[in-house]
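# Observations on the three-dimensional arrangement
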Amino acid sequence: MIKLNLNNVISNKEMNSYSKKVNKLAVAMENKESVGSDFLGWKDFVNNYNKPELYKVKKIAEKLHNSNVDVMFVIGIGGSFSGAWAGIDMVQGNYSNKNKVEIIYVGNSISSTDLYQKLEYVKNKKFAINIISKSGTTTEPAIAFRIFKDALEKKVGKKEASNLIIATTDKNKGALLSLAKKNSYERFVVPDNIGGRFSVITPVGAFPMAVAGLNIDKFFDGLKDGYEKYKSTNLDSNDAYQYAVSRVILNKKYPVELMVQYEPQMNAFNEWWKQLAGESEGKDGKGIMPASAVFSTDLHSLGQFIQDGSKIMFETVLTVKKPNFDIKIPMDDSNLDGLNYLVGKTVQDVNNVAFSSTLEAHSLVGKVPNIHIEFDKMDEKSFGELVVFFSRAVAMTAYLQDSNPFNQPGVEIYKNMMFKKLKKPGY
């Protein structure tokens, strides 16, 4: 369950002034009459998904587990990997010994050092590949796939490699689909009506999470809960839309939103959220600049700026009600570190006090508006509900600023310049 606390940063009068506009936009979304409606498939995907394909997700993941695969490379960029990364890290943590298969992400940069080191890492390991690309020609993942496919084929032979490569791509067209058919790769579909940054709910995110060992049924339970909770078209009964309105109002004064976590394993969630918000809202000279931090770590670097620096940001603080694990602070007879006053408390007790104290310091003394969102557990179900909450909120934020949440025209500019310099045919 998600609990939204706006901490009085928005008055009831300000919030209510958006009721009619939110209702109108929400009704248009539900009827798929809003701008970019061709890409609203994520909104009710959980009620319309391909059940045989979800079954196939689980069966192929099980097949890889039974084949003693050590590592699966997830090759993709943007939404093609960030959603799975967010879910796997949130549920399993950064040093889990419960993952069925280690997931390593490639194709999200053009770093030769990164690619080389990851190839070296699996020299003596059995690895599989999940290539995720709608077209199969996006530069970063295409380069990585060519290199890692070549390495896998040299290691086990082309026939066996075809059993260890899974393609998540377009249903009807594209270079990757053609290659997958030619080589008999197992395939999953990227739906036409769901853009990359919203695609974690599809096999794009579900398959890597299943291979890592997450419970996909519980993830879908969270998606279902989120759908029911955030489908209301009325502002006063929809926390996701109240969060969206708060962001729009705060953005009139503050250009930056800082997403804050108190759990390091939620850092990947920050990265997923930044792409979701940045690509959906940052256009037409408008939008909130999404930034992120993990406290208390970043309180020792960014904390001074947030507290006393220029007032350019508001904070959205995401906390977990019950951590996956907790540790009691032990007695030390020497007490040289002066921590015996904490004996009897747990580390989470201290983390909670750090949160409440920082919130007070930033909001009351530093005059930095703070929105607080609390969720129950770092598990699959909570992740599913969080995905729905933020997807709804970000789409509504973009609509409230009169932007199309589902295009990203600015992304193509650097690509065209790069292709021209590289002398790609046609450029």
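Worth saying up front: this structure is predicted, and the values here are computed from it rather than measured.

### Looking at the sheet that holds strand E9 (residues 313-322)
The 5 strands lie next to each other as E1-E10-E9-E7-E8, forming an open sheet whose pairing is mixed. Across the chains shown, the open sheet's two edge strands, defined by having one partner strand only, are strand E1 (2-5) and strand E8 (289-294). The sheet shows a mean angle of 20° between the axes of neighbouring strands, direction not considered. Bridging between strand E7 (residues 256-261) and E9 involves 6 bridges; their strand directions are parallel. Residue Met259 lies in a different strand from E9, and its bridge partner there is Thr316. Sheet contacts for helix H15 (residues 347-365): E9 and strand E10 (370-377); angle to E10, the most-contacted strand, approximately 160°. Packing of helix H16 (residues 380-400) onto the sheet brings it into contact with E1, E7, E9 and E10, and relative to E10 it is tilted by some 150°.

### Regarding the packing of aromatic side chains
Summed over the entire model, instances satisfying the criterion amount to 25 aromatic pairs. On the basis of an interplanar angle of 55° and a centroid distance of 4.6 Å, the ring pair of Phe73 and Phe148 is categorised as tilted. Highlighted residues: Phe73 in strand E2 (residues 71-75) and Phe148 in helix H7 (residues 139-156), separated in sequence by 75 residues. For the pair formed by Phe73 and Phe148, the shared burial category is buried. On the basis of an interplanar angle of 25° and a centroid distance of 5.7 Å, the ring pair of Tyr243 and Phe389 is categorised as stacked. Taken together, the residues span a long stretch of sequence, with Tyr243 in helix H12 (residues 239-251) and Phe389 in helix H16 at a distance of 146 residues.

Parameters at a glance
- Residues numbered from 1 in each chain as written.
- Predicted model: local features only at pLDDT ≥ 70, side-chain atom pairs only at ≥ 80, totals over all residues.
- Heavy atoms only, no water.
- Pairing = 2+ DSSP bridges.
- Helix = DSSP H or I, 4+ residues; strand = E, 2+ residues; numbered from the N terminus.
- Axes fitted to C-alpha atoms, helices over the stretch in contact; angles between N-to-C directions.
- Contact = heavy atoms within 4.5 Å.
- Phe/Tyr/Trp six-rings, centres within 6.5 Å; stacked < 30°, edge-to-face > 60°.
- Buried < 20%, exposed > 50% of the residue type's maximum accessible area, 1.4 Å probe, protein only.

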